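Here is what each chain is made of, one letter per residue.
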Amino acid sequence: MQIKLKLHNTLTGKKEIFEPLNPTHVGMYVCGPTVYGEAHLGHARSAIVFDVIFRYLQFLDYKVRYVRNITDVGHLEQDADEGEDKIAKKARLQQLEPMEVAQHYTDAYHRDMELLNVKKPGIEPRATGHILEQIELIEKIINNGFAYEVNGSVYFDVEKYNEHKPYGLLSGRKIEDLQSGTRELAGQSEKRSALDFALWKKAAPEHIMRWRSPWSVGFPGWHLECSAMSAKYLGEQFDIHGGGMDLMFPHHECEIAQCEAGNNASPARYWLHNNMITINGQKMGKSLGNFITLQELFSGNHQLLEQAYSPMTVRFFILQAHYRSTLDFGNEALQAAQKGYKKLINALRILKEFNYEEQSENIDEKNTQQINQICDNCFHAINDDFNTARLVAQLFNLVKKINSIHVHQIALHSIENATFNRMKELFTRFTEDVLGLKEEESFDGKALINALLEFYKEAKAEKDYETVDAVRAKLKQQGIVVKDMKTGIDWAYEE
RNA sequence: GGUAGCGUGGCCGAGUGGCUAGGCAGAGCUCUGCAAAAGCUCCUACAGCGGUUCGAAUCCGCUCGCUACCUCCA
């Protein structure tokens, strides 16, 4: 069965059949986090959405080069002309080296991503490690006449660029509309137009993140890193560029302009944007201060949280919605996700234990046909712009079949052998390999040992030595020895 | 103000012209020492008003409500 993968391309506003530049390889670049704070639910969504896309492309046997950057030169805060680097600001507050702050939050991000079972990208480049590449790109843009230098800073000339190629294609904006929407800062700006953006900024004396360049000692502009790093690792043209919808304008728009102006090529063929997480219908974000960090979610330590939610619950919650829809946070929804996740994972466990031996002579045509249909539907769902919500729905249809087989309402061997194998393979691979859901052990091993020791104690009191020996043997199999001491019963790891 | 989008059953959330998504919650039944799990059944909605159509949640128009982007943000 061959259905083509379709994806929604922000650049065209349409669903298109995915055709990579090279039929066997895919290059994908996703905007990663700016590491000046703890990762929150929004970061998780973006990471998980593109993780699933990465996983599914691999499932389809593409060789994928996945690049997700770490932004450790912060973007400018507030107005460009008086901006202070976010990382530098945080560093001053905490009396730390900027790189120390960046490292701390990078580590925190990695820790959270690992908990969420997000695969590591193939390359995770840092902006500070690619200052030279950024300088080179600026030089190309200047040489092509699309940037100008003022007092050691370099700005991108949006109007000039717009004469060459339309600016605003990605976000559906027209330069006239943008111009009417901005107000000129009288005399304060070095920029020729309010729409222009910085490629290089001369550092003020107190600015602690600084590098030498042909123009000044300073730091690169807000959008440059992604252009420089994607070109370096994926080439001037590659297949997929992803990120949050909030990055569409101006970040991705500027990226396109920079690449066109410097390399004369539109960087990505397909632009994918995930929608926002909302909280009471309002966007969750750093700027609004209404975000919930992943650590708070995992620990339940937040005013809005009624309980802790495990990483897999969070992952499942995100996958139950399509990535281009907003997803509203709520305790009720998270609790529903928790139950749903466990239902799915219980079925997976059962399925793995089925032992199909020999096909019976009486084939259950109806169920065999239905299972095949559901398997087909799984592909239709995921191939339709990575619709994980529909895929999950189909997997739950299989859960019903799996559970019915488990309680012998459907006879295992009445399902056609090939169909059973197909179900087993697809259910497992879609759940684990594509959706990235895994079994999460929610129990406490030590509590279980203590529970067993209760029985041990009771049996001993009743002089039921058969049970006593059995319990001791079972625990020993797990490398636990029971210690009968005068002071009470205890256990230890077997030495 | 400009641009884009959204409004689906108690909750979350798919669906873009006919073919009851799915999860959670609720009700009943089966199973069962009790309970749970599981299965089956039920609850069958598309903001409002008009229009197009044999047929609309789905297309068009209007009205109401909400949101996002235009400034850093996943």
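It should be emphasised that the depicted structure is a prediction, and the values quoted were computed from it without experimental measurement. (Residues numbered from 1 in each chain as written. Chains lettered and ligands numbered in written order. Predicted model: local features only at pLDDT ≥ 70, side-chain atom pairs only at ≥ 80, totals over all residues. Heavy atoms only, no water.)

Colleague: I'd love a proper account of the overall build of chain A, names of residues and values included.
Modeller: Along the backbone of chain A there are 16 helices and 16 strands. If one aligns the C-alpha atoms of chain A with their principal axes, the spans along those axes are about 90 × 65 × 40 Å. Of the contacts formed within chain A by residues at least 6 apart in sequence, a portion of 74% connects residues at least 24 apart. Carbon and sulfur atoms form 47% of the exposed surface of chain A, whose accessible area is close to 23900 Å². Charge centroids of chain A, computed over 57 positive and 69 negative side chains, lie 1 Å from each other. (Helix = DSSP H or I, 4+ residues; strand = E, 2+ residues; numbered from the N terminus. Contact = heavy atoms within 4.5 Å. Areas by Shrake-Rupley, 256 points an atom, 1.4 Å probe, with all protein chains shown as cover. Lys, Arg positive; Asp, Glu negative; His and termini not counted. Charge placed at Lys NZ, Arg CZ, Asp CG, Glu CD.)

Colleague: Quick rundown of the pairing of strand β15 (residues 480-485)? Include the residues and the values.
Modeller: One ladder, built from six bridges, connects β15 with strand β16 (residues 488-493); its direction is antiparallel. For V482, the partnering residue across the bridge sits in β16 and is W491. Two successive antiparallel strands, β15 and β16, enclose a turn made up of two residues. (Pairing = 2+ DSSP bridges.)

Colleague: Requested: an account of empty space enclosed by the protein, with residues and values cited.
Modeller: Tallied over the full model, the rule gives three cavities of 30 Å³ or more. The space that makes up the largest cavity amounts to roughly 70 Å³. Residue lining of the largest cavity: V49, V52, I53, I318, L319, A321, H322, Y323, F386 and T388, and that is the complete set. Contributing elements (two or more residues each) for the lining of the largest cavity: α1 (41-59) and α10 (311-319). Of the residues assigned to the lining of the largest cavity, the class counts are eight nonpolar, two polar and no charged. Each of domain 1 (18-274) and domain 2 (282-434) contributes no fewer than three residues to the lining of the largest cavity. Taken as a whole, the second largest cavity encloses approximately 40 Å³ of empty space. (1 Å grid on protein atoms, 1.4 Å probe; cavity = no way out; pocket = protein on both sides within 12 Å on 5 of 7 lines; lining within 4 Å. Points joined across faces, edges and corners; volume = space filled by probe spheres on them. Nonpolar A, V, L, I, M, F, W, Y, C, P; charged D, E, K, R; others polar. Domains from an automatic or database assignment.)

Colleague: Can you tell me about the packing of α1 against helix α14 (residues 417-434), naming the residues and giving the values?
Modeller: Packing of α1 against α14 brings their axes to within 9 Å, and their N-to-C directions diverge by 135 degrees. Here α1 lies oblique to α14, going by the angle between them. Residues V52, R55, Y56 and F59 of α1 form the contact with α14, whose participating residues are L426, R429, F430, E432, D433 and V434. Partitioning the contact of α1 with α14 into residue classes produces six nonpolar, no polar and four charged. (Axes fitted to C-alpha atoms, helices over the stretch in contact; angles between N-to-C directions. Parallel < 35°, antiparallel > 145°, perpendicular 65-115°, else oblique.)

Colleague: Can you tell me about the domain arrangement of chain A, naming the residues and giving the values?
Modeller: Size of an interface: often given as the accessible area lost when the parts come together. The domain boundaries assigned to chain A delineate domain 1 (18-274), domain 2 (282-434) and domain 3 (445-493). If you average the C-alpha positions of domain 2 and of domain 3, the two centres end up 38 Å apart.

Colleague: Provide a residue-level description of the protein's contact with RNA strand B, including the pertinent values.
Modeller: Lining the immediate surroundings of RNA strand B are 54 residues, of which K86, W222, K283, M284 and Q409 lie closest. Backbone atoms, meaning sugar and phosphate, make up 81% of the atoms of RNA strand B lying within 4 Å of the protein. For RNA strand B, a base nitrogen lies 3.0 Å from a polar atom in the backbone of G42. R173 places a side-chain nitrogen or oxygen 2.8 Å from a sugar or linking oxygen of RNA strand B. Put simply, the parts of the chain that give the surface near RNA strand B at least two residues each are α1, α6 (175-181), β10 (238-244), β13 (282-283), β14 (327-329), α11 (331-353) and α13 (388-406). For the surface near RNA strand B, the element with the highest residue contribution is α13, accounting for eight residues. In terms of residue class, the surface near RNA strand B is made up of 16 nonpolar, 26 polar and 12 charged. (Near = heavy atom within 4 Å. Polar contact = N/O pair within 3.5 Å; in protein donor to acceptor, adjacent residues only side chain to side chain.)

Colleague: Which residues make up the sheet that holds β13, and what values do they have?
Modeller: What the three strands build is an open sheet, ordered β13-β12-β14; its pairing is mixed. Two strands close off the open sheet at either side, each with one partner strand: β13 and β14. The sheet contact formed by strand β12 (residues 277-279) and β14 spans three bridges and is parallel. When the sheet's bridge partners are listed, I277 is paired in β14 with L327.

Colleague: Pulling in residues and values, what's your account of the side chain of D157?
Modeller: Counting through the fold element by element, D157 comes out in the loop between β6 (153-156) and α5 (158-164). With a relative accessible area of 11%, D157 lands in the buried category. A polar contact is formed between the side chain of D157 and the backbone nitrogen of E159, at a distance of 3.4 Å. Not counting chain neighbours up to four residues away, the residues in contact with D157 comprise F146, A147, Y148, R192 and D196. (Buried < 20%, exposed > 50% of the residue type's maximum accessible area, 1.4 Å probe, protein only.)

Colleague: Tell me what's going on with the sheet that holds β10, and back it up with residues and numbers.
Modeller: Backbone-to-backbone hydrogen bonds pair the strands of a sheet. The strands run either parallel or antiparallel. The four strands are arranged β4-β3-β10-β11 in an open sheet whose pairing can be described as parallel. Of all strands in the sheet, those bounded by a partner on one side alone are β4 (63-68) and β11 (268-274). Taken over all neighbouring pairs, the strand axes of this sheet differ in orientation by 20 degrees on average, direction set aside. The pairing of β10 with β11 spans six bridges and is classified as parallel. Of the residues in β11, the one forming a bridge with G243 is H273.

Colleague: Outline the packing of aromatic side chains, listing residues and values.
Modeller: Counted by the stated rule, this structure contains 18 aromatic pairs. A ring pair is formed by F59 and F430, whose centres lie 5.3 Å apart and whose planes are at 25 degrees; its orientation type is stacked. Here F430 lies in helix α14 and F59 lies in helix α1, a separation of 371 residues in the sequence. Like F59, the residue F430 is buried in the burial classification. A ring pair is formed by F146 and Y161, whose centres lie 6.1 Å apart and whose planes are at 75 degrees; its orientation type is edge-to-face. On the criterion of sequence distance, the pair formed by F146 in the loop between α4 (131-143) and β5 (147-150) and Y161 in helix α5 is long-range, its members being 15 residues apart. Each of the two residues, F146 as well as Y161, counts as buried. Following the ring pairs from residue to residue traces out a cluster consisting of Y56, F59, F379, F386 and F430. Positioned above the aromatic ring of F249, the side-chain terminus of R173 is 4.3 Å from the ring centre. (Phe/Tyr/Trp six-rings, centres within 6.5 Å; stacked < 30°, edge-to-face > 60°. Lys NZ or Arg CZ within 6 Å of the ring centre and 35° of its normal.)

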